Amino acid sequence: MHGTRILAEADRLMTVCNSCRYCEGLCAVFPAMEMRRSFEDGDLNYLANLCHACGACYTDCQFSPPHEYNVNVPKTLSIARAGSYAAYAWPRALSGAFARNGLVIALTASLSVAAFVIGFAAFNDTAMLLGRHSGPGAFYRLMPHNAMAALFGAALLYAFIALAVGLRAFWRDIGEPARTLAEPASLWQAIRDAGQLRYLDGGGVGCVNADERPGDRRRLFHHFTFYGFALCFAATSVATLYHYLLAREAPYPWWDLPVLLGTLGGVGLLIGPVGLWVEKSRRDKALVDADQAGMERAFIAMLFLTGLSGLALLLWRETAAIGVLLALHLGFVFALFITLPYGKFVHGLYRFAALVRYAHERKMMADGA
Ligand code: SF4
Ligand code: SF4
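In what follows, the accompanying structure is described. It should be emphasised that the depicted structure is a prediction, and the values quoted were computed from it without experimental measurement.

Scoring rules and cut-offs
- Starting from 1, residues in each chain are numbered consecutively following that chain's sequence as written.
- As they are written, the chains are lettered A onward and the ligands numbered 1 onward, keeping that order.
- This being a predicted model, a pLDDT of at least 70 is required before a residue's local features are given, and a value of 80 or more before pairs of side-chain atoms are given or counted; all residues contribute to the totals for chains, interfaces and linings.
- Think of the side-chain values as coming from all heavy atoms in the structure, minus any hydrogens and water.
- Numbering of helices and strands starts at the N terminus; helices are DSSP runs of H or I of at least 4 residues and strands are runs of E of at least 2.
- Whether two residues touch is decided by their heavy atoms; if any such pair falls within 4.5 Å, the residues are in contact.
- Throughout, exposure labels follow a simple rule: accessible area from a 1.4 Å probe, protein chains only, divided by the maximum for the residue type, with under 20% read as buried, over 50% as exposed, and the rest as partly exposed.
- The criterion for a residue being near a molecule or strand is simple. One of its heavy atoms has to lie within 4 Å of it.
- Under the scheme applied here, ten amino acids are nonpolar (Ala, Val, Leu, Ile, Met, Phe, Trp, Tyr, Cys and Pro), four are charged (Asp, Glu, Lys and Arg), and all others, including Gly, are polar.
- Classification of ring pairs uses Phe, Tyr and Trp, with its six-membered ring standing for Trp, and accepts pairs whose centres are within 6.5 Å; under 30 degrees between planes counts as stacked, over 60 as edge-to-face, and the remaining range as tilted.
- Whether a charge sits over a ring comes down to the Lys NZ or Arg CZ being within 6 Å of the ring centre and within 35 degrees of the ring normal.

This paragraph deals with the side chain of Arg357. Looking at the secondary structure, you find Arg357 in helix α14 (residues 346-366). Excluding its chain neighbours within four sequence positions, the residues that come into contact with Arg357 are Arg36, Asp43, Tyr46, Trp171, Ile174, Gly175 and Glu176.

Turning our eyes to something else, we now look at the environment of Arg351. If you trace the backbone, Arg351 turns up in helix α14. Among the residues examined, Arg351 registers a relative accessible area of 11% and is labelled buried. For the pair Arg351 and Tyr46, spaced 305 residues apart in sequence, the C-alpha separation works out to 8.5 Å. Non-local contacts of Arg351, meaning those with residues more than four positions away in its chain, are made with Asn49, Cys51, His52 and Arg81.

This part covers the site of ligand 2. For ligand 2, the set of nearby residues contains 13 residues, the closest of which are Cys27, Cys51, Cys54, Gly55 and Cys57. Those elements that place two or more of their residues in the shell around ligand 2 are α2 (29-34) and α5 (73-88). Split into classes, the residues belonging to the shell around ligand 2 amount to 11 nonpolar, 2 polar and no charged.

Aromatic rings in a pair are described by how distant their centres are and how their planes are angled relative to each other. A full pass over the atoms with the stated rule returns 13 aromatic pairs. Here the aromatic rings of Tyr88 and Tyr350 are separated by 5.4 Å at their centres, their planes lie at 75 degrees, and the arrangement is edge-to-face. Of this pair, Tyr88 sits in helix α5 while Tyr350 sits in helix α14, and the two are 262 residues apart along the sequence. Tyr350 carries the same exposure label as Tyr88, and that label is buried. For the cation-ring pair, Arg357 lies above Tyr46, with the distance from its terminal atom to the ring centre recorded as 4.6 Å.

From the geometry alone we can't say anything about function, so treat these as descriptive.
If you want it as structure tokens, here you go:
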């Protein structure tokens, strides 16, 4: 017996695939499946999160619809994956957020925070809000650094805690001991696999689209998005170190490290999300779960708006628009932080953890354990 109907369906498909094994060279899911004879819910959630949704096993399958076996591994694992996000969410009361229209929630949160910052600045001094500010400390004339740090530090801390609790639930569900996550060889292999998106290559030809011509663009735009996000995070971290260790206040000159990292990251967050949005519309409808469209598009849109508002602030920070642009950028960043544990972002976390387990299992097999 399985906890949900989709997990029962995933069990049926994995049993068929385990007899067939035609797709074993396509990705990590099939070799991981072959290490098992039966599938508990935790095993199926592990396989679902190991799947990168390239679609190759659907195109290659001789049992896909209209065959009576009705084998559709990408879509089934995609629905199971979404179910696992909701099951691991913390607090559980917010697990329904995955199914709601995330874009409306995220935009409402963004504009509310932007309105709060504008109201805060206007309450103190309207001239400050609409005036020109330049040089070190310009941002903090609109909102004191300590208030900004407290607001965003709290949002980020909350996101970290919620994500950590979710990851712990996933790790427990798949029955892996905590020490595996700290095993250097498995961790390094997973970092390499995730860094290259190794299993989003459709077995070498790329992702499958509605026109049945596989291509690597989805992987490329995913790279832009991931590395863009990572560079923006690095820019914020370096700026924090500058502030507290070197007593240097933002904004910094264009050639300084936080600005260079933030600019490159911002460009990545423009190109990547736009490309992913376009690629999403080109995907074969048979492969995708329409119920997840809201969650996915909300995350893509929030990343894009964060990158766009950050670059706009960089370009026009010497003008009277600095106040409104800063408020909008802070609003998008804040909404991105608080929605991280309840949206598409979690796929990166659980997929990475699944890759660590897969690397560990491969190593154990190679060692003959
Ligand atoms: S997806 Fe189809 S072809 Fe691939 S292993 Fe499963 S049953 Fe075989
Ligand atoms: S969709 Fe791609 S990653 Fe997922 S199981 Fe099929 S071949 Fe593997």
